[in-house]
Amino acid sequence: MKVQAKTMVALGYGKYFVSDSIVGLQPIENERGPGQRTLVHIEGQTDPIAASRTEGIILRDMVQEPKEVSQ
């Protein structure tokens, strides 16, 4: 998989980050069950950001070519 450069990735809660700056995805499973929320580690930030989307969906958005480019 290759991360698409300069692609905006929605994390939920109105948060967006450029795909190049996301360096790690960690599912939150405590008291929630799998596939609910994800901690997203961003380059240059010490604390991860809680996303309302699953790590699989965030990863898919990072590697998928934007619709504007593919049309």
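One can find the structure itself at the top, above this paragraph.
Let us look at the structure shown here.

## Some details on a nonpolar patch on the surface
- Among the surface-exposed residues, Met8, Tyr16 and Val18 lie close enough to one another that they form a single nonpolar patch of about 300 Å² accessible area.
- In this structure, Met8 sits in strand E1 (residues 8–12).

## Some details on the environment of Gly14
- Looking at the secondary structure, you find Gly14 in the loop between E1 and strand E2 (15–18).
- With relative accessibility at 69%, the residue Gly14 sits in the exposed group.
- Note: C-alpha distance between Gly14 and Ser52 (38 residues apart in sequence) is 9.8 Å.

## A look at unusual backbone geometry
- The phi dihedral of Lys6 falls on the positive side, at around 60°, and the residue is not glycine.
- Take Lys6: it is sitting in the segment before E1.
- One non-glycine residue, Tyr13, lies in positive phi territory at about 55°.
- According to the relative accessible area criterion, Tyr13 is exposed, its value standing at 53%.

Definitions and cut-offs
Residues numbered from 1 in each chain as written. Predicted model: local features only at pLDDT ≥ 70, side-chain atom pairs only at ≥ 80, totals over all residues. Heavy atoms only, no water. Patch = residues over 30% accessible without salt bridge, like charges linked within 9 Å, V, L, I, M, F, W, Y side chains within 5 Å. Areas by Shrake-Rupley, 256 points an atom, 1.4 Å probe, with all protein chains shown as cover. Salt bridge = Lys/Arg side-chain N within 4 Å of Asp/Glu carboxyl O. Helix = DSSP H or I, 4+ residues; strand = E, 2+ residues; numbered from the N terminus. Buried < 20%, exposed > 50% of the residue type's maximum accessible area, 1.4 Å probe, protein only.

Keep in mind that these numbers describe shape and distance, not what the molecule does.
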